[in-house]
Structure formats: C-alpha cells, structure tokens
Amino acid sequence: MVTLEAFQINGPARPRGNVAISGAKNAALPALAASLLTAETISLGNVPDVYDIRTFARLLRGMGAEVQLEAPRCSLTASNLNNPEAPYDLVRTMRASILVLCPLVARCGRARVSLPGGCAIGVRPVDMHLEGLELMGARIKVEHGYILAETDGLKPIDYTFRLKTVTGTENLMMAAALIDGETRLANCAEEPEVIFMAEMLRTMGAEVQGDGTDNIMIHGKSRLSGGSFSIIPDRIEAGTYLFLAAALPDSEVTLTGIETDHLGAVIQKLSRIGADIETKDEGVRINGHRNLAAQHMDTAPYPGFPTDLQAQYMALMTQASGTSVIHESIFENRFQHVAELSRMGADIKLSGAQATVIGPSRLSGANVTASDLRASASLVIAGLAAEGTTVVRRIYHLDRGYSSMEQKLQALGCDVTRIKVDHA
Ligand code: EPU
C-alpha cells in the first residue's frame, strides 16, 4: 500500500479574485542549466516553487555545483564541476534534464547523461540534440541507456532542425555560446522561453541574434560571465487559470504578473469562443458565463496554440455549446485525460491525433487519476465545473509544474483541499 496526495474538489466553484502568476518552469529549467556554462554566480529571481525546479537543483548539486534555492530566488555557482553526469533516477522523472548535456560538454569536455526515454505524453526522442552536438565535434555514443559525449573542443556549425524543438534549440544555443565562432541554427523554436535564453546568454557575454525568429546566430566566447535574471511569467499557468475561469459561470478572476504578448493564441481563442475577457494595465480580467461557443483548435509551435494547454482547453470545451475538434500535432499520446474527463460525463470521441468534444456536458464529480502535468490541470478544471466531489489522484504530476495551486484556488474561494489517498 502506498499513500499519495490528491486534490479533493467540491464543485461547482465560482472563483473570484486575483491570481498572481508565477515564473515559468520552462524558462527557469534552462536558466538553471545555463549556470553550468560559467564559473561565476548566476542569480535568478521569480523562480517558481515547483517540484521540477527542486529536482533540477539536485541534479546540478550532484555535478558539484553550489545551488541555493529558496523560491522565488535561486543562486547557482558551478565553479567546480567534478561530476558531469545526469543519473537515470533524476532524468527519468524530468525529461528537461537533457538540457545539461550541451552545457556540460561545452564546459567540461565530457558528459554522461541518461537517455530520457519515453513518457506519458509520447516517445519524445532527443536525436536533434545529439545530431547538433555531434556536428559541433563531440564524439557521442549511447551505452547502457546513457549518452556518453566527449570532445577536445567544439566548433561552430550551420544546422537546420528537422522539426521545431524547444529544448533542442536551447541546448544547442548553450553549446554555441561557449564556442568562439559563429553558429547558425535554422528552423529554431520561437517560444518566449527561447528568447529568454538568448537574453541570458547575451548578458553572460555571447553575441546572439535572431531569437524570436526561426534563424538564430550565436557568436560565442571561450569564457562566459555570471549575471542576475528574472524568470519570465509562466504563460501556461496563466492560460490554465484563464481557461479555468472561463469554464465556470459567474467567476470573476484577474491574473496579475503576466506578459499578455506571450498569450496571443490563448486570448484570441478565448475571444472567439465568446469569453468575457479584458486586458488591463495590471493584467487580464475574465468573467465566466454560460454562453460559450465551441471552437476547433490545433496545437502548434509558438506563436501557435501551445500543446501544454491542450488538455485544459479540452476541459473548457466540455462547457461550451457545439462541437470542438481538437488536433494534437506535437505529441502523439497527449490524450490521457480524455478517458478521465469522459468518466465525469464529458462527451469526447478520440480518433488518432484528434479529439472531438461535444458540449455542453453536465459534469459530475468522480474519482479520477492524473497521468501527466497538464492532464492534471484539466481534471482540476473539470472538478471545479462538476457537481459534487471530485478526487484528482496522483497530484504529484501537478506539483511538478504548478506553484501552490490549491492555495491559489482557495484564495479565489474554491473548495479545494489536499488529501492523502491510499493506493493498493
Ligand atoms: N523531437 C524529436 N527529436 C528531438 C527533439 C524533439 O523528434 O530531438 C520532437 C518531439 O518528440 C515532439 C516535437 O519534436 O514531437 C517537439 O518537442 P520539443 O523538443 O519542442 O519538446 P521539449 O523541448 O522536450 C518543451 C517543454 C514541454 C512542451 C514542449 C512543446 C520544456 C522543459 N519542456 O519540451 O513542456 O510541451 O516543449 O512546447 O521546455 C510541460 O511543461 O508540460 C511540457 C511537457
């Protein structure tokens, strides 16, 4: 018997008030990895208090880095990297660990990093990370589940990514930042988190141009300096609260600490479904009502609709009138929430990479199980919309990426508590 934490939600909820959005997990993790590029101290602010950050801090400490983490602050000094290794036990729980590969090889000349393997949302290979690093001159072999990479010195490359990859782009940018010469990367990811990485590398002394477009040029330096950085707001956490408020009639929620420019596709979708949303100086205000019109949605690389909000959008679509065809184009297996939403009364048909939601459905509270981080958030939205009690099990997935979600929901007046549940 194991005991795991769960959220107990009594719905339907009518959230009212302000939510302060935390720093972006997916900007903070690469920022932690970038600390490996320099012997000087990197100071970070607005770091989210989430499990993945604590795991990444452990990963870096295991390599010999000094890490002081007291979210929202983190200070990192990698002056003595005596063990350039990322062990399976940590990588297994957090695929973003692959982000240490390029900085370690560029800085230490070698690395031993566990292959991430698949996860609940898909196979998620890292072939482009490896191909780019190999072209830079690293000798790479994969043995016993580990990537072994070494080099006597990396050289600049011209590389075109076969597909847009966020961490792949960030990883090769970090290697290039320590190479004295001009690397050109094409078909790069354009996410705000990539721009944040570019800003960091510029402050550390590398010349970086073109970030925010699909062509990035980096002229690195053989030595980089430290610096202080504030992590950008989490656009996925913001989108989650926007969809949550939109799904709940009579809600009135204002999000603060956000960057509305990063939420273009999300705000556009909310406007199209008829949500009552207003952008103000201090943030975005959204009021829930019963007359939402279903809209189709395709996930796409930025500036398209983020795959990390697909599950939450699906929960919202169960409350909109009409048919919504949701197409997942980034990850092949990111529909594990469908079966759980259906158990709560949603009408969803799944066919390959496409889910068809017919709404509105009267959801009823049930015991459901979270399968991954964003699926957990969609079940929380459904639980808040449902009549009666919902227990969302395996909430450790949610804790990987959402900072204090139950406190934020409680502050909005929602009846959400963290409980312990025995699992056979
Ligand atoms: N891909 C390859 N080969 C590679 C790299 C990627 O085939 O070498 C494929 C992937 O399998 C996927 C597509 O390319 O089909 C895009 O994946 P990407 O590499 O962009 O994903 P990632 O960098 O591993 C980041 C986020 C994810 C987010 C995706 C897509 C971080 C730490 N993680 O992952 O965040 O879903 O980009 O936007 O930045 C989450 O926060 O819940 C999360 C999963």
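Residues numbered from 1 in each chain as written. Predicted model: local features only at pLDDT ≥ 70, side-chain atom pairs only at ≥ 80, totals over all residues. Heavy atoms only, no water.

### Observations regarding the site of the ligand
Surrounding the ligand, one finds 23 residues, the nearest of these being Asp127, Thr165, Thr167, Asp308 and Ile330. Note that an oxygen atom of the ligand is positioned 3.4 Å from one of the side-chain N or O atoms of arginine 162. In the model, an oxygen atom of the ligand is placed 3.3 Å from a nitrogen or oxygen of the arginine 334 side chain. Protein coverage of the free-state accessible area of the ligand, which is 830 Å², stands at 88%. Of all the secondary-structure elements, those providing two or more residues to the shell around the ligand are helix H1 (25–34), helix H5 (127–135), helix H6 (166–177) and helix H12 (373–385). With three residues, the top contributor of residues to the shell around the ligand is H5. Here the residues of the shell around the ligand are counted per class, giving ten nonpolar, five polar and eight charged. Taken domain by domain, the makeup of the shell around the ligand includes at least three residues from each of domain 1 (2–22 + 233–423) and domain 2 (25–230). (Near = heavy atom within 4 Å. Polar contact = N/O pair within 3.5 Å; in protein donor to acceptor, adjacent residues only side chain to side chain. Areas by Shrake-Rupley, 256 points an atom, 1.4 Å probe, with all protein chains shown as cover. Helix = DSSP H or I, 4+ residues; strand = E, 2+ residues; numbered from the N terminus. Nonpolar A, V, L, I, M, F, W, Y, C, P; charged D, E, K, R; others polar. Domains from an automatic or database assignment.)

### Quick look at the sheet that holds strand E8 (residues 139–143)
The strands making up a sheet associate through hydrogen bonds between their backbones, and the pairing can be parallel or antiparallel. Read from one edge to the other, the open sheet built from four strands follows the order E6-E7-E9-E8, with strand pairing classed as mixed. The sheet is open, and its two edges are formed by strand E6 (85–86) and E8, each paired on a single side. Strand direction decides the pairing type here: E6 and strand E7 (residues 110–114), joined by two bridges, are parallel. Paired with alanine 86 across the strands is valine 113, a residue of E7. (Pairing = 2+ DSSP bridges.)

### Some points on the packing of H5 against H6
A packed helix pair is summarised by two numbers, namely the angle formed by the two axes and the spacing between the axes. Relative orientation of the contacting elements H5 and H6 amounts to 20°, with a least axis distance of 9 Å. When the axis of H5 is compared with that of H6, the two are roughly parallel. For the crossing formed where H5 meets H6, the hand is right-handed. Residue-level inspection shows Met128, His129, Gly132 and Leu133 of H5 in contact with H6, the latter providing Thr167, Gly168, Asn171, Leu172 and Ala175. For the contact of H5 with H6, a count of residues per class yields four nonpolar, five polar and no charged. (Axes fitted to C-alpha atoms, helices over the stretch in contact; angles between N-to-C directions. Parallel < 35°, antiparallel > 145°, perpendicular 65-115°, else oblique. Left-handed = near helix turned anticlockwise from the far one by under 90°. Contact = heavy atoms within 4.5 Å.)

### Describing the domain arrangement of the protein chain
Each domain of the protein chain was delimited in the assignment, giving domain 1 (2–22 + 233–423) and domain 2 (25–230). The C-alpha centroid of domain 2 is placed 30 Å from the C-alpha centroid of domain 1. In this complex, domain 1 contributes 23 residues to the contact, which on the side of domain 2 involves 20 residues. Across the domain 1 to domain 2 interface the summed buried area is about 1,700 Å²; carbon plus sulfur atoms make up 52%. The largest share of the area that domain 1 buries against domain 2 comes from Tyr302, Phe331 and Arg400, three residues that together contribute 33% of it. The interface formed by domain 1 and domain 2 contains two salt bridges. Ionic pairing is found between glutamate 193 and arginine 235, a salt bridge with its closest N-O pair at 2.9 Å. In this assembly, domain 1 and domain 2 are joined by five residue pairs in polar contact (both at pLDDT 80 or more). (Buried area = accessible area lost by both parts, 1.4 Å probe. Salt bridge = Lys/Arg side-chain N within 4 Å of Asp/Glu carboxyl O.)

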